[in-house]
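Structural characterization, general
Here is what each chain is made of, one letter per residue.
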Amino acid sequence: MEPEAQPRRPRTAKKILIVAVVCLLAAVGGVFAAVAPGLAGAVLESEAGSAVRTSPGLAAPVVAPVKSDAAPANGAKQVNPAAPVSLKVSNGTIERVTLTSTSGETVEGSIDAAGTGWTASGPLKFNTDYSYTYVVKDGAGRETSTTQSFSTVSSSHEADAAIYPLDGMKVGVGQPLQIIFSEPVLNRDAVEKAIKITSSAGQVGAFHWHSDKMVRYRAEGFWVANSTISMDMQLFGVDLGNGQIANFNKKVNIAIGDKKVAVADAAAHTFTLSINDQPVKTLPVSMGDKRFPSARGYGVLMEKKRYDHFRASSIGLKPDDPAYYGDVDVEYTIRLTLSGAYIHQALESAYPFIGNTNVSHGCIGFAPDGAAWVFDNMGTGDVVHIVNTEGDYAAHDDGFGDWNIPWSEYDN
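Please read these numbers as outputs of a predicted model, since none were measured by experiment.

**A short note on the packing of aromatic side chains**
This model, assessed by the stated rule, comprises 15 aromatic pairs. Ring geometry for Trp118 against Tyr132: centres 5.9 Å apart, planes inclined by 45°, an arrangement best described as tilted. Within this pair, whereas Trp118 is found in strand 6 (residues 117-120), its partner Tyr132 is found in strand 7 (residues 129-138), the two being separated by 14 residues in sequence. Both residues of the pair, Trp118 and Tyr132, count as buried. Centroid distance Phe222 to Trp403: 4.7 Å. Interplanar angle 70°. Geometry classified as edge-to-face. With Phe222 in the loop between strand 15 (214-219) and strand 16 (228-234) and Trp403 in the loop between strand 28 (383-387) and helix 5 (407-410), the pair connects residues that are 181 residues apart, well separated along the chain. Since its relative accessible area comes to 22%, Phe222 is described here as partly exposed. The structure contains a cluster of three or more aromatic residues connected by ring pairs, namely Trp118, Tyr130, Tyr132, Tyr134 and Phe150. Here the basic side chain of Lys304 rests over the ring of Phe375, its NZ or CZ set 4.5 Å away from the ring centre. Of note, Arg306 hangs over the ring of Tyr307, and the distance from its end group to the ring centre comes to 4.3 Å.

**Description of the side chain of Asp402**
Note on placement: Asp402 falls in the loop between strand 28 and helix 5. Within the structure, the side chain of Asp402 is placed 3.0 Å from the side chain of His210, a separation counted as a polar contact.

**Some points on the UniProt feature "active site" (unreviewed entry) in the protein chain**
Under the local residue numbering, the UniProt record ascribes the feature "active site" (unreviewed entry) to His344 and Cys363. Despite a sequence span of 20 residues, these residues sit close together in the fold, their greatest C-alpha distance being 7.5 Å. Within the secondary structure layout, His344 lies in strand 26 (residues 342-345). Relative to the elements of secondary structure, Cys363 occurs in the loop between strand 26 and strand 27 (364-366). Taking relative accessible area as the criterion, Cys363 reaches 8% and is therefore assigned buried. The residues touching Cys363, leaving out its near neighbours within four places in the chain, are Ser286, Met287, Gly288, Ser294, Gly340, Ala341, Tyr342 and His344.

**What to know about the nonpolar core**
The nonpolar side chains of soluble globular proteins are, as a tendency, buried together. Counting residues in hydrophobic clusters, the biggest one holds 30 residues, and the most contacted among them are Ile179, Phe181, Val191, Ile195, Met231, Met233 and Leu235. Only strand 10 (161-164), strand 12 (177-181), strand 13 (195-199), strand 14 (205-209), strand 15, strand 16 and strand 19 (249-256) provide two or more residues apiece to this core. Among all residues touching Leu235, those that are not within four sequence positions of it are Phe181, Val191, Ala194, Ile195, Ala246, Phe248 and Asn249. Grouped together as the second largest cluster of nonpolar side chains are 23 residues, Leu301, Ile334, Ile364 and Ala371 included.

Procedures and definitions
- Residues numbered from 1 in each chain as written.
- Predicted model: local features only at pLDDT ≥ 70, side-chain atom pairs only at ≥ 80, totals over all residues.
- Heavy atoms only, no water.
- Phe/Tyr/Trp six-rings, centres within 6.5 Å; stacked < 30°, edge-to-face > 60°.
- Helix = DSSP H or I, 4+ residues; strand = E, 2+ residues; numbered from the N terminus.
- Buried < 20%, exposed > 50% of the residue type's maximum accessible area, 1.4 Å probe, protein only.
- Lys NZ or Arg CZ within 6 Å of the ring centre and 35° of its normal.
- Polar contact = N/O pair within 3.5 Å; in protein donor to acceptor, adjacent residues only side chain to side chain.
- UniProt positions renumbered as here; feature names shortened; annotations may be inferred.
- Contact = heavy atoms within 4.5 Å.
- Core = buried A, V, L, I, M, F, W, Y, C linked by side-chain atoms within 4.5 Å.

Shown next, in the form of structure tokens:
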């Protein structure tokens with residue numbers, strides 16, 4: 001008797017398993033509709049059809065997310081207005097960028113040829129809030145907009161400066177270039193590197209810091225007569241130190257006149273002017289007396305006034321002092337120092353002493369015709385060398401006493 005036939009279920013189950021594997025492989029291979037008729041009507045979801053999917057799955061293809069790097073960082077404070085504003089992206093392109101201040105002013109910029117970088121082309125302003133919006137597109141064509149904000153250096157950290165001589169001025173051969181900053185300068189090297197000074201005569205000079213706010217520049221010798229000096233200051237955004245940022249760029253062109261150097265001799269009571277190294281006139285003078293001797297050394301003429309008013313109190317004299325002269329009107333004045341030394345027409349009471357005795361309070365006094373001649377023939381930047389006086393040098397920053405500093409010390 002033949003044995004009873006057994007059920008053939010395992011073979012059926014095996015077939016079902018093989019079909020399932022084939023279907024799965026077919027789906028992965030992109031021929032799912034051919035081997036799985038039950039799913040032939042399904043549509044494959046593309047990455048472009050999803051606003052969120054960026055990881056592998058049934059969707060195809062997978063698109064990498066756009067990565068962006070914007071500067072300044074979102075929420076940044078005290079941003080240097082000279083700092084670059086930029087945007088760099090990868091895995092996508094930049095569609096548009098807008099950079100605007102809270103007052104509505106737009107800062108222009110440009111996208112590079114590859115579409116992956118944007119840079120602002122204009123400087124920012126101090127003490128201003130900015131809104132920075134950029135739109136990027138990924139490989140599937142989806143756009144994303146991002147808005148950031150930042151603010152620039154506040155007014156309390158904005159530094160300005162006064163420059164002398166002024167642009168277009170004509171001065172004498174002894175005139176140093178001067179910059180006085182509104183805030184102390186700690187980063188002196190950075191400031192000096194941002195200033196380019198050139199002479200048509202090829203002279204090279206040096207900076208000398210008289211204080212943490214004032215720097216001057218001169219050559220080793222007087223400027224060459226009838227040359228020109230150009231000063232190009234690219235200081236906008238330069239960090240002066242302690243968070244203080246310079247707020248300006250400026251170019252100054254200065255004309256140098258004839259070489260005019262006068263020698264004022266306190267012992268001989270004479271004032272001799274040479275023009276381009278040729279003596280042209282000697283005049284009698286009265287200079288500072290024993291109590292107020294004229295300061296020795298080189299002085300550079302400053303401002304001129306046809307009429308001026310002197311007050312004895314301005315140099316510390318009181319009515320009970322024998323040297324007190326009250327308030328007087330004076331003619332043909334040219335300043336030598338900030339503390340009150342002048343070239344001027346002497347007071348009438350001093351006329352008998354001109355050419356023979358020193359009776360002034362440190363000034364160089366002339367007879368009326370002599371004072372008028374000097375006033376007409378000398379001016380800002382011209383040099384007076386005072387010799388044979390018992391007076392000491394005036395402070396180097398009491399006027400322009402830079403020529404009294406040895407070059408070895410000045411160039412430090």
